[in-house]
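For reference, the chains in residue letters:
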Amino acid sequence: MLRFIVRRLLQLIPILLGLSILLFAWLRALPGGPAVAALGERATPAKIAEYNRVFGLDEPLWTQYLRFLGRALRLDFGTSQTTGRAVTDEFFTRFPGTVELTVFAMVFAIGIGIPLGYLAARKHGSWIDSTSVIGSLLGVTIPVFFLAYLFRLLFAVQLGWLPGSGRQDVRMEATHVTNFYVLDGLLTREWDAAWDALQHLILPGIALGTIPLAIIVRITRASVLDVVNEDYVRTAQAKGLANDTVRRRHILRNALLPVSTTIGLQTGLLLSGAVLTETVFAFGGVGSTLREAISTRDYALLQGFILILAVVYVLVNLLVDVSYGLLDPRVRVK
Amino acid sequence: MTSAMTSAMAGAVPVLEVEELAVTFTRRGEASTRAVDGVSFAVAPGETIGLVGESGCGKSVTSLAVMGLLPRRGVEVSGSVRLDGEELLGASDRTLRKLRGADMAMVFQDPLSSLNPTVTIGTQVTEVLYEHRHMAKKDAVAEATDLLDRVGIPDPARRLGEYPHQLSGGMRQRALIAMALACSPRLLIADEPTTALDVTIQAQILELLRELVLGSGTALVMITHDLGVVAGLCDRVHVMYAGKIIETADRHDLFARPRQPYTGGLLASVPRLDAGRGTPLTPIRGSARDAIPWAEGCAFAPRCDNAEDDCLTEVSGSTVPLEYDGPGRELRCRHPLQYPPAAAGATASGVPR
């Protein structure tokens, strides 16, 4: 198992190298180069030359690349041109918000998706089944930004039930230890702060969770339909086991194997930034930051965020593979 | 009538009595299929009966109906199934769950697919003990070790922690048998328990089943298409065709003097070691799909060499009945195979016309 993990971690190296080359090349390929990007199109040639000299952009490309790589290894991606803070600091302020949002969205999707998918399969052909199939089809086809916008308009603006922007009420004087606002509130015993942060997660979380929810319902349903016809379920019934034991140990345990893979992949996707949803709710996580960085041409920030998110994505996938091995003894690596 | 007779034959109160069992599958928009059609038999304690027939003859459906394992929707079961006198058809789910695994158990055909791949053998054995014998964990583990040992699994304590894919085919079937026997059931149904196994393993598993039945007085219903299994294990044999029993006989009588042409054909189709090299096999012509509904005549008639016009209902005016055919024998045939009075035992190739 350990060997498997180490091997997978080593696979990270070529992936990150490739990505770093891509990002590096992308910055140099900008019209006019990074200097114009930073100084604007009306910068004088003298200023551009000055800029290039200061940042070492007049040196050979490979020296530049090696320097970029060396800094990246020390998690130094330079400073954001809009906030003036180190890109890495910026990331670790923003990322916890995205993590909280992802956790909320996935808990919502899993908590409803698995029971619903199971029920649909067991009541195969009933109205519950057809409703959930149609519902999940709607869930994957409705564009997420539209849904997010609708939610905000209805529940935040019109009805005023829930907050519709940000991560926490700005008037809330909360102490932030980890930048996970809900967790911070719990740690510092500022219950109202935690509750407020949680309320801010509800609308974007549900909007973000609809696609994973729809996918989980469909996969759970299909998988349960497969498994209930397996011989071992009949064996379990022939043993006269309680319905609950048959359901949990013999049906769900096997039916959830493909679902767990989906959950992992979806989590990875959400973690790398829900640009649309976060933007609608001005959430201030990784996603909305990325969008702002694009519109303000904050290349240093983009470069750093993309590289770190790639690492996160690969690590989440590794976690999925490892947990799959734990769930299914047949693929367990010796 | 028939079941009363068979149980009297066995000379003891039967464990299982099946009377006029019929199973019909219906699907919306399709004609319904009668998979089992008026089957009656009984099994006494310590007795082994064989239900023999080719694929699709209704033998597995019969066993699932006895266990109450047929799906509820689209299936209609009628007749009577009594376990130690208790009627099982129409019994509540709860009652059936209490009986299954405890008083009646089943061993299935494919041991790999019949075991849950993600749960250890130990859990799959002990869950029966928890459910029916309400054992404490320590006792259940000790009992499971003992069970695996009894069915001949070496190093049972270690095997408890392993998963089905880590066991060989023979060991998996042994583990399934151990689970079935965990509560010393009165009735054991084995549905082609050796079909998926190597020949050498088959013999071991059959031997194991025989020992277990002899030792405990369990009634055993052996479902098989393999006449070798019948010869080695069964006391009485019921040959099924298209959902009905067409011949019932003592094992020795059946092999010596098959009366139904279908039984004769089954015996004749067994490959023989003493046949000359290159001798073609003697199959029964046609396939089970050629059967006609019993209402129109003998279902086997289209494939039967002995068939005559009166095998068809429209000529004879009645369905072919299952009738007394000598001591311990019953037969559903109007033109059975005949034997000269001093028959020295029919061999497969010597089936007379």
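Each value, and the rule that gives it
Residues numbered from 1 in each chain as written. Chains lettered and ligands numbered in written order. Predicted model: local features only at pLDDT ≥ 70, side-chain atom pairs only at ≥ 80, totals over all residues. Heavy atoms only, no water. Helix = DSSP H or I, 4+ residues; strand = E, 2+ residues; numbered from the N terminus. Buried < 20%, exposed > 50% of the residue type's maximum accessible area, 1.4 Å probe, protein only. Contact = heavy atoms within 4.5 Å. Lys, Arg positive; Asp, Glu negative; His and termini not counted. Charge placed at Lys NZ, Arg CZ, Asp CG, Glu CD. Buried area = accessible area lost by both parts, 1.4 Å probe. Salt bridge = Lys/Arg side-chain N within 4 Å of Asp/Glu carboxyl O. Polar contact = N/O pair within 3.5 Å; in protein donor to acceptor, adjacent residues only side chain to side chain. Pairing = 2+ DSSP bridges. Axes fitted to C-alpha atoms, helices over the stretch in contact; angles between N-to-C directions. Core = buried A, V, L, I, M, F, W, Y, C linked by side-chain atoms within 4.5 Å. Left-handed = near helix turned anticlockwise from the far one by under 90°. Nonpolar A, V, L, I, M, F, W, Y, C, P; charged D, E, K, R; others polar. 1 Å grid on protein atoms, 1.4 Å probe; cavity = no way out; pocket = protein on both sides within 12 Å on 5 of 7 lines; lining within 4 Å. Points joined across faces, edges and corners; volume = space filled by probe spheres on them. Expected span 1.5 Å × (residues − 1). Arc of directions from axis to C-beta. Phe/Tyr/Trp six-rings, centres within 6.5 Å; stacked < 30°, edge-to-face > 60°. Lys NZ or Arg CZ within 6 Å of the ring centre and 35° of its normal. Patch = residues over 30% accessible without salt bridge, like charges linked within 9 Å, V, L, I, M, F, W, Y side chains within 5 Å. Areas by Shrake-Rupley, 256 points an atom, 1.4 Å probe, with all protein chains shown as cover.

Visitor: Would you explain the overall build of chain A in this entry?
Guide: Per the secondary structure count, chain A includes 14 helices and 0 strands. Listing each helix as α and each strand as β along chain A from the N terminus yields α-α-α-α-α-α-α-α-α-α-α-α-α-α. Every one of the 334 residues in chain A was classed for burial, and the buried ones make up 45%. Across chain A, the fraction of contacts at a sequence separation of at least 24, relative to all contacts at a separation of at least 6, is 72%. Here chain A contributes 31 positively and 24 negatively charged side chains, and the mean placements of these two sets differ by 9 Å.

Visitor: Explain the interface of chain B and chain A here, please?
Guide: How large an interface is tends to be reported as the accessible area lost when its parts come together. Facing 29 residues of chain B, the contacting portion of chain A comprises 24 residues. Carbon and sulfur atoms make up 52% of the surface buried where chain B meets chain A, a total of about 2200 Å² over both sides. Linking chain B with chain A are 2 salt bridges, by the criterion used here. One salt bridge connects Lys 239 of chain A with Glu 127 of chain B, and the closest N-O pair in it is separated by 2.7 Å. Inspection of the region where chain B meets chain A yields 18 residue pairs in polar contact (both at pLDDT 80 or more). Secondary structure elements with two or more residues in the side of chain B that touches chain A: helix H2 (59-67), strand S6 (104-107), helix H4 (121-133) and helix H7 (169-181) of chain B.

Visitor: I would appreciate a short explanation of the sheet that holds strand S3 (residues 48-52) of chain B in the present structure.
Guide: Paired through backbone hydrogen bonds, the strands of a sheet run either parallel or antiparallel to each other. Residue and element names in this part refer to chain B. Here 8 strands make up an open sheet; going across it, the order is S6-S7-S8-S3-S9-S10-S12-S11 and the pairing mixed. Two strands in the sheet have a free side with no partner beyond their single neighbour: S6 and strand S11 (323-324). When S3 meets strand S9 (residues 236-241), the two strands line up parallel, connected through 4 bridges. In the strand pairing of S9, Gly 50 is matched with Val 237. Against the sheet, H7 touches S6 and strand S7 (187-191), its axis set at about 175 degrees to S6.

Visitor: Please clarify how the nonpolar core should be interpreted in this entry.
Guide: Here is a general trend for soluble globular proteins: nonpolar side chains tend to be buried in one another's company. Residues and elements named next belong to chain B. Of all hydrophobic cores here, the largest spans 62 residues; its most connected members are Ile 177, Leu 188, Met 222 and Tyr 262. In terms of residue count, H7 provides more of this core than any other element does, 8 residues in total. Residues contacting Met 222, with those up to four places away along its chain left out, are Thr 48, Ile 49, Gly 50, Leu 51, Ala 190, Pro 193, Leu 206, Leu 209, Val 229, Leu 233 and Cys 234. By size, the runner-up hydrophobic cluster in this structure holds 39 residues, among which are Leu 51, Val 221, Ile 245 and Leu 322.

Visitor: Could you clarify how one ought to interpret the side chain of Gln 260 of chain B in this entry?
Guide: All names here are of chain B. Position of Gln 260 among the secondary structure elements: in the loop between helix H10 (251-256) and helix H11 (261-268). The exposure class of Gln 260 is buried, given its relative accessible area of 1%. Those residues in contact with Gln 260 that lie beyond four places of it in its chain are Ile 246, Glu 247, Cys 298, Phe 300, Leu 331, Arg 332, Cys 333 and Leu 337.

Visitor: Which parts of the structure should I look at to understand the packing of helix H5 (residues 87-122) of chain A against helix H11 (residues 243-271) of chain A?
Guide: Angle between the axes and distance between the axes: these two values describe a pair of packed helices. Residues and elements named next belong to chain A. In the contact formed by H5 and H11, the axes pass within 10 Å of each other and the chain directions differ by 150 degrees. Between H5 and H11 lies a crossing of right-handed hand. In this structure, H5 contributes Phe 95, Thr 98, Val 99, Thr 102, Ala 105, Met 106, Ile 110, Ile 114, Tyr 118 and Arg 122 to the contact, and H11 contributes Arg 247, Ile 251, Leu 252, Leu 256, Val 259, Ile 263, Gln 266, Thr 267, Leu 270 and Leu 271. Of the residues assigned to the contact of H5 with H11, the class counts are 14 nonpolar, 4 polar and 2 charged.

Visitor: It is not clear to me how unusual backbone geometry should be interpreted in this structure. Could you clarify?
Guide: One non-glycine residue, Glu 20 of chain B, lies in the positive phi region at around 50 degrees. Along the polypeptide, Glu 20 of chain B turns up in strand S1 (residues 16-25).

Visitor: Even after reading the chapter, I still don't get empty space enclosed by the protein, so can you show me in this structure?
Guide: Once rolled over the atoms, a probe with the size of a water molecule shows which space is left empty. With the rule as written, the count across this model stands at 2 cavities of 30 Å³ or more. For the largest cavity, the full set of lining residues is Thr 235, Ala 238 and Lys 239 of chain A together with Gly 101, Ala 105, Met 106, Leu 176, Met 179 and Ala 180 of chain B. Secondary structure elements with two or more residues in the lining of the largest cavity: helix H10 (231-238) of chain A together with S6 and H7 of chain B. If one sorts the elements of the lining of the largest cavity by residue count, H7 of chain B sits on top with 3 residues.

Visitor: What is the right way to read helix H5 (residues 137-150) of chain B from this model?
Guide: Every α-helical turn comprises 3.6 residues, leaving residues that sit three or four positions apart pointing alike. Residue and element names in this part refer to chain B. Its 14 residues place the ends of H5 20 Å apart at the C-alpha level, agreeing with the 20 Å of an ideal helix rising 1.5 Å per residue. Those residues of H5 lying buried are Ala 140, Glu 143, Ala 144, Leu 147 and Leu 148. Down the axis of H5, the smallest arc covering the buried residues is 135 degrees, so these residues share one side. Along its buried surface, H5 packs onto H4, helix H6 (156-160) and H7.

Visitor: Would you take a moment to explain the packing of aromatic side chains for this structure?
Guide: Two numbers describe a pair of aromatic rings. These are the distance of the centres and the angle of the planes. Tallied over the entire structure, the rule returns 12 aromatic pairs over all chains. Here the aromatic rings of Phe 91 of chain A and Phe 95 of chain A are separated by 4.9 Å at their centres, their planes lie at 20 degrees, and the arrangement is stacked. Placement of both Phe 91 of chain A and Phe 95 of chain A in helix H5 is noted, with a separation of 4 residues, approximately one turn of the helix. Classification of Phe 91 of chain A by relative accessible area gives buried; the value is 1%. Between the aromatic rings of Tyr 241 of chain B and Phe 300 of chain B, the centroid separation amounts to 5.2 Å while the plane-to-plane angle is 80 degrees, which identifies the pairing as edge-to-face. Taken together, the residues Tyr 241 of chain B in strand S9 and Phe 300 of chain B in the loop between H11 and helix H12 (313-316) connect sequence positions 59 residues apart. In this pair, the class of Tyr 241 of chain B matches that of Phe 300 of chain B, namely buried. Three or more aromatic residues link up through ring pairs in this structure, and these residues are Phe 91, Phe 92, Phe 95 and Phe 305 of chain A. Looking at Arg 332 of chain B, its charged tip hangs above the ring of Trp 294 of chain B, at a distance of 5.4 Å from the centre.

Visitor: What is the right way to read the pairing of strand S4 (residues 75-83) of chain B from this model?
Guide: Residues and elements named next belong to chain B. As judged from the 8 bridges shared by S1 and S4, these two strands associate in the antiparallel manner. When the bridges of S4 are listed, Leu 16 appears paired with Leu 83. Pairing geometry for S4 and strand S5 (residues 86-87), over 2 bridges, is antiparallel. Bridge pairing in S5 links Leu 83 to Glu 86.

Visitor: Hey, could you run me through the layout of surface pockets in this one?
Guide: Counted as a void, the largest pocket has a volume near 1700 Å³. If you go around the largest pocket, you meet 43 residues; those closest to its centre are Arg 122 of chain A together with Leu 70, Pro 71, Arg 72 and Arg 73 of chain B. Of all the elements in the fold, those that place two or more residues in the lining of the largest pocket are H5, helix H9 (191-228), H10 and H11 of chain A together with H2, S4 and helix H3 (93-99) of chain B.

Visitor: Even after reading the chapter, I still don't get a nonpolar patch on the surface, so can you show me in this structure?
Guide: Together, Leu 2, Val 6, Leu 10, Ile 13 and Leu 17 of chain A make up a nonpolar patch on the protein surface, roughly 470 Å² of accessible area in all. By the secondary structure assignment, Val 6 of chain A is in helix H1 (residues 2-28).

Visitor: Explanation requested: the sheet that holds S1 of chain B in the structure shown.
Guide: Residues and elements named next belong to chain B. An order of S2-S1-S4-S5 is seen for the 4 strands of this open sheet, with the pairing classed as antiparallel. Where the open sheet ends on each side, the last strands, each with one partner, are strand S2 (33-43) and S5. Alignment of S1 against S2, held across 8 bridges, turns out to be antiparallel. In the strand pairing of S2, Thr 24 is matched with Arg 34. Across the face of the sheet, H2 comes into contact with S1, S2 and S4 while running at roughly 110 degrees to S1.

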